[in-house]
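Here's the letter readout for the chains.
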Amino acid sequence: MTDAALPPPPSAAGRAAARAAAGKRLKRRHAAEARFRAYGLGAIALAIGFLAILLAGVIQQGLPAFRTNTISLPVYVDPAKVDARDPQGANYDLMIAEQLLNRLHVENDDLGENALRAKDLLSPDMGFQVLDAVKRDPSLIGRTLTIAAPIGGNADLYYKGELGREIAEADRKLDDAQLDWLDRLKADGLVTEGFNTRLFTHADSTQPELAGLLGAIVGSALMLLVTALVAAPAGVLAAVYLEEFAPRNRLTNFIEVNINNLAAVPSIVYGMLGLAVFINWLQFPRSAPITGGVVLALLVLPTIIIATRSALKAVPPSIREGALAVGASPTQAVFHHVLPPATPGIMTGVILALAHALGETAPLLMIGMVSFTTSVPEGFTSAATVLPVQIFIWENAAERAFHERTGAAILVLLAFMVVMNLAAILLRRRFERRW
Amino acid sequence: MFWIAILGLFLFSAAAFGLARRKASDAARAAGRRPNSLPGQQAGYVALWAFTPALILLACLIVFSGRIETGLIEANLPGAAAALEADQKALFVGDVHAIAEGRPTSAATWSGPLATARAAAVDKARDYELLTGWGGVILAGLVAVAGFLLALRRLSPDFTARRHAEGWIHGLLITCSALAVLTTVGIIASLLFESVRFFQVVSPVDFLTGLHWSPQTALREDQAGSAGAFGAVPLFVGTLLIMTIAMVVAAPIGLYAAIYLSEYAGPRLRAWVKPVLEILAGIPTVVFGVFAALTVGPAFAAFFKWIGGNLVGGPLDGVGQYLVQVQPNMALAAGVVMGVMLIPFISSLSDDILNAVPQSLRDGSYAMGATKSETVKKVVLPAALPGVAGAFILAVSRAIGETMIVLLALGSGGGTNLTFNPLDAVSTVTVQIVSLLTGDLEFDRPTTMAAFGLGLTLFVVTLTLNIIALRIVQAYREQYD
């Protein structure tokens, strides 16, 4: 550096100006610092805000579905309408609707329009119950039964205030007269509100008021059982091999790269694998928990392998070496001394992987689990649906009453996931050892 | 039945273990010296021989019984059915198999001679099922007993049972590792097999460069030029559009959150925010999809309609008229919700990467008088850049492969027009795969094969992105470790 490049020695005024400029610069830099910090905090606030909006939306949407209105009506099994030889042939729904009109002192018109409108308020379950009772005991014909059943989906929405009179009559499913009838039924004390047990005791249905989650819950449980039985042992043993025994060579390297890449393959591709290999080639049953379970097992296998490997890595080598030093074979050292302290970590990984499998939807759509099943699955090969797919099905349904059930199904699914995650956290807290 | 057989196998092996153990300790006592292997190890060897071959046999039967039965049905079809066209025949065989197993059949109806043929075939199919079922179980039982007896005969105080048993265990471990490779092989084979058949009908160039996607028209065989309907560019554009929106949302928020967490936040804030982000990461994507379809989409549509309503009649009347008719199933809603889903993914990956930057770099910067934000911007981020880039690439790959959010937000029927407008309905690769592959499908249709063509493209793209990302992250890690 030459002298010519140096600035001339500053005067007193120049020094003051420089100090002022430096002060300004510092202020600007501190302002930039504060701004940067605010961006960071803002980003976190946004992320938490999104979560809060999401949860609030789901809860607001789903909570009403846990309450339901039940109507209980005395039904006179009219011998003029029900034939003892052919109980199946009678139109029970219409019979009940006409009696409902009588009770409300409303004339049925010539075309029977009013009876049909009254029928809209009730669920077909009433008719099924009467039919069942008559089939079991034909002597009931001519007598009066008291039947309790969920009220129709739209009527239920009205009672919950989600389909009120403030909506223009043309835009809602129930007209003013129907709403008047509902008000009177409520005033007569025939309609009671209570916890929606049906949601947990029945499978899916075409009628929103009759639809429940039991089929999906059982389906999910069966499928997760298959996933756990296949993926947990296979994943843990593969990880043990790769971490403890595998020689460092190209093949091992290839397997490792392979596993890392498998973990990032889109889940829908596993669905296509299931469709092409398991259903089309191996003729696995469609929509069955065993097929879904095997596909999801392949999906979570890399996750389990990676988690198990890190749990095994966390066990200090001194334990392994100690075991080898007193004469254990490598296999004994691993299975007797390294695996036991790694078990909590492995269990945590397996549970988290299963929680992931529980929420997975896309591959199951591919293997036909989106089919509509109204029965609770009986075994691993019967047609079934699972919770996330049930959410998908209900979300796509046209009736509004299904929308609140979508929310309820999400809440149930999230509850299961919270339980599994809590179990994993507790396991980690309770048993994890820091070396 | 197979499950009961496996349970029985467990019990048998336990009994075998007990028996062998008694025999081994008796033998050791009679010999009057320490045996080569402990009685428990000898018994373990015997139990492995009793258990493993039979289990492998049963597992193979579970996996292949459907295939074997189908093969048998197909080989012994009654005359009327054997004369059917290939795809009709496959449907017929599937129905026969389903009836024999009490599963629901396809929608096809078989009448006349085919109905009687089906009844006959079902009767035979039931026999095959008994054959594979009982035959398999009996065979497995014989294998288990034979394995047990053979192993039991080898037992002696000098027998190196432990080494032999460990050999078995080793084999088992290697088999399990091979499963991961087998999965990859299965994925590639299934995608390739169908794709190759698809690309024989539709040329890959048309598929990758065609601007018009409407696979349904190809169902009508009399229609000319059905190949023109398989141009996947609109789907690629739709996928890229949604991915871009998602990254615009997720990249800054995720990165800033990660910077704050790793550079500024105290341990108490970290202890709160990290689990919240983990919860966000653990929410199933179908939930995000419902959120997009029922909350975000309608809210956005209402917002744009409100803006449009204010513009109509003004100087920007054209824009207003357009905004008024915006539908909730727009690309923007799907992209934003997908961005929310990606936030925790990006922030946790970036957090790890920022934490891996050595403290000495920061200290050097502070010593020169830099503020914290200047240190982050000028020192930490440049040092972490490859890692952060890797994290972003992984996020992009996830966004491309994500299905449920776009499926629910856009609807499976969504528009397949070529558009870059985020307020329009678009369709993505994954959405098309789902809509082509759900429902009652026959395998030989071009639509089904087209889905596999799309799947192959998706797999290749995400795989490439993952490999690049992993390479970058690994190369970067080695720098500081």
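Note that the coordinates shown come from a computational prediction; the quantities given were computed from them, not determined experimentally.

Section: the interface of chain A and chain B
Interface size is often expressed as the accessible area that is lost when the parts come together.
And then number 1: Each side of the interface is counted separately: chain A has 78 residues, and chain B has 84 residues.
And then number 2: Broken down residue by residue, the surface that chain A buries against chain B is led by Phe36, Leu54 and Met272 of chain A, which jointly contribute 10%.
And then number 3: The interface formed by chain A and chain B contains one salt bridge.
And then number 4: Arg29 of chain A is paired through a salt bridge with Glu374 of chain B; the nearest N and O atoms lie 2.7 Å apart.
And then number 5: If you look at where chain A meets chain B, you find 12 residue pairs in polar contact (both at pLDDT 80 or more).

Re the packing of helix α10 (residues 267-281) of chain A against helix α6 (residues 161-201) of chain B
And then number 1: In the contact formed by α10 of chain A and α6 of chain B, the axes pass within 9 Å of each other and the chain directions differ by 75°. Our classification of the angle between α10 of chain A and α6 of chain B gives roughly perpendicular. Note on element contacts: α6 of chain B touches α10 of chain A through Thr183, Gly186, Ile187, Ser190 and Leu191 of chain B, opposite Val269, Tyr270, Met272, Leu273, Ala276 and Val277 of chain A.
And then number 2: When the residues that make up the contact of α10 of chain A with α6 of chain B are grouped by side-chain class, the tally is eight nonpolar, three polar and no charged.

A closer look at the state of the cysteines
All names here are of chain B.
And then number 1: Scanning all chains against the criterion turns up zero disulfides over all chains.
And then number 2: In this structure Cys60 is not part of a disulfide, and its nearest cysteine sulfur, from Cys176, lies 14 Å away.
And then number 3: A relative accessible area of 11% means that Cys176 is categorised as buried.

Quick look at the domain arrangement of chain B
Residue and element names in this part refer to chain B.
And then number 1: Once the domains are mapped, chain B shows domain 1 (2-199) and domain 2 (215-480).
And then number 2: Look at where the C-alpha atoms of domain 1 and domain 2 centre, and you get two points 43 Å apart.
And then number 3: Listed per partner, the contact involves 13 residues of domain 1 and 13 residues of domain 2.
And then number 4: Taking both sides of the interface into account, the surface hidden between domain 1 and domain 2 amounts to around 1200 Å²; carbon and sulfur atoms contribute 73%.
And then number 5: The largest per-residue losses of area from domain 1 upon contact with domain 2 belong to Leu191, Glu194 and Phe198, which jointly make up 47% of the total buried on that side.
And then number 6: Counting the contacts that link domain 1 with domain 2 gives zero salt bridges.
And then number 7: Our count for the contact surface shared by domain 1 and domain 2 stands at one residue pair in polar contact (both at pLDDT 80 or more).
And then number 8: Listed by contribution, the elements that provide at least two residues to the side of domain 1 that touches domain 2 are α4 (86-100) and α6.
And then number 9: Per-element accounting of the side of domain 1 that touches domain 2 gives the leading share, nine residues, to α6.
And then number 10: Residues that form the side of domain 1 that touches domain 2 fall into these classes: seven nonpolar, three polar and three charged.

What about a nonpolar patch on the surface?
And then number 1: Taken together, the side chains of Met1, Leu130, Trp134, Ile138, Leu139 and Leu142 of chain B make up a nonpolar region of the molecular surface, amounting to roughly 630 Å² of accessible area.
And then number 2: Structurally, the position occupied by Leu139 of chain B is in helix α5 (residues 113-154).

Points about the domain arrangement of chain A
Residue and element names in this part refer to chain A.
And then number 1: When its domains are assigned, chain A resolves into domain 1 (67-196) and domain 2 (214-431).
And then number 2: In this structure, domain 1 and domain 2 have C-alpha centres spaced 46 Å apart.
And then number 3: Between domain 1 and domain 2, the residue contacts involve six residues of the former and four residues of the latter.
And then number 4: Summing both sides of the interface, domain 1 and domain 2 together bury roughly 490 Å²; the carbon and sulfur share of this comes to 36%.

Let's talk about the pattern of salt bridges
All names here are of chain A.
And then number 1: What the rule picks out here adds up to 24 salt bridges over all chains.
And then number 2: For Arg198, the salt bridge goes to Asp125, with nearest N and O atoms at 3.6 Å. Of this pair, Arg198 sits in helix α7 (residues 198-201) while Asp125 sits in helix α4 (residues 125-136); the two residues are 73 residues apart in sequence, bridging distant segments of the chain.
And then number 3: A relative accessible area of 16% places Arg198 in the buried class.

Notes on the nonpolar core
And then number 1: Core analysis: the largest hydrophobic core is formed by 215 residues, its most contacted members being Tyr270 of chain A together with Ile187, Trp213, Phe288 and Ile433 of chain B.
And then number 2: With 19 residues, helix α8 (residues 233-264) of chain B is the single largest residue contributor to this core.
And then number 3: Beyond its immediate stretch of four places on either side in the chain, Phe288 of chain B contacts Leu54 of chain A together with Leu280, Ile283, Val337, Val340, Met341 and Ile405 of chain B.
And then number 4: Listed in part, the 42 residues of the second largest apolar core include Leu101, Val106, Leu190 and Val191 of chain A.

Parameters and conventions
- Residue positions are given per chain, counted from 1 along the sequence in the order it is written.
- In the order they appear in the text, chains get letters beginning with A and ligands get numbers beginning with 1.
- Selection of residues for local features in this predicted model requires a pLDDT of at least 70, selection of side-chain atom pairs for listing and counting requires 80 or more, and totals for whole chains, interfaces and linings are taken over all residues.
- As a rule here, side-chain values come from all non-hydrogen atoms in the structure, and water together with hydrogens is ignored.
- The criterion used for residue contact is that any of the two residues' heavy atoms lie within 4.5 Å.
- A 1.4 Å probe defines the accessible area here, and the buried area is the portion of it lost by two parts on being joined, summed over both.
- Salt-bridge detection follows one rule: a side-chain nitrogen of Lys or Arg within 4 Å of a carboxyl oxygen of Asp or Glu.
- Polar contacts, as counted here, are pairs of nitrogen or oxygen atoms within 3.5 Å of one another; within protein the pair requires one atom able to donate a hydrogen and one able to accept it, and residues that are adjacent in sequence qualify only if both atoms are side-chain atoms.
- To obtain an axis, a line is fitted to C-alpha atoms, over the contacting stretch when the element is a helix, and the angle between two such axes runs from 0 to 180 degrees between their N-to-C directions.
- Strands here mean DSSP runs of E at least two residues long; helices mean DSSP runs of H or I at least four residues long; both are numbered from the N terminus.
- Between 65 and 115 degrees an angle is taken as roughly perpendicular, under 35 as roughly parallel, over 145 as roughly antiparallel, and anywhere else as oblique.
- Put simply, Ala, Val, Leu, Ile, Met, Phe, Trp, Tyr, Cys and Pro go in the nonpolar bin, Asp, Glu, Lys and Arg in the charged bin, and everything else, Gly too, in the polar bin.
- Any two cysteine sulfur atoms within 2.5 Å of one another count as a disulfide.
- To sort residues, take the accessible area from a 1.4 Å probe on protein chains only and compare it with the maximum for the residue type: under 20% means buried, over 50% means exposed, and anything in between is partly exposed.
- These domain boundaries are the output of an automatic or database domain assignment.
- Each patch is built from residues lacking any salt bridge and having more than 30% relative accessible area; the joining distance is 9 Å for like charges and 5 Å for nonpolar side chains (Val, Leu, Ile, Met, Phe, Trp, Tyr).
- Each accessible area is a Shrake-Rupley estimate made with a 1.4 Å probe; only the visible protein chains count as cover when residues are assessed.
- The nonpolar core is taken to be a set of buried Ala, Val, Leu, Ile, Met, Phe, Trp, Tyr and Cys residues, with the residues joined through side-chain atoms within 4.5 Å.

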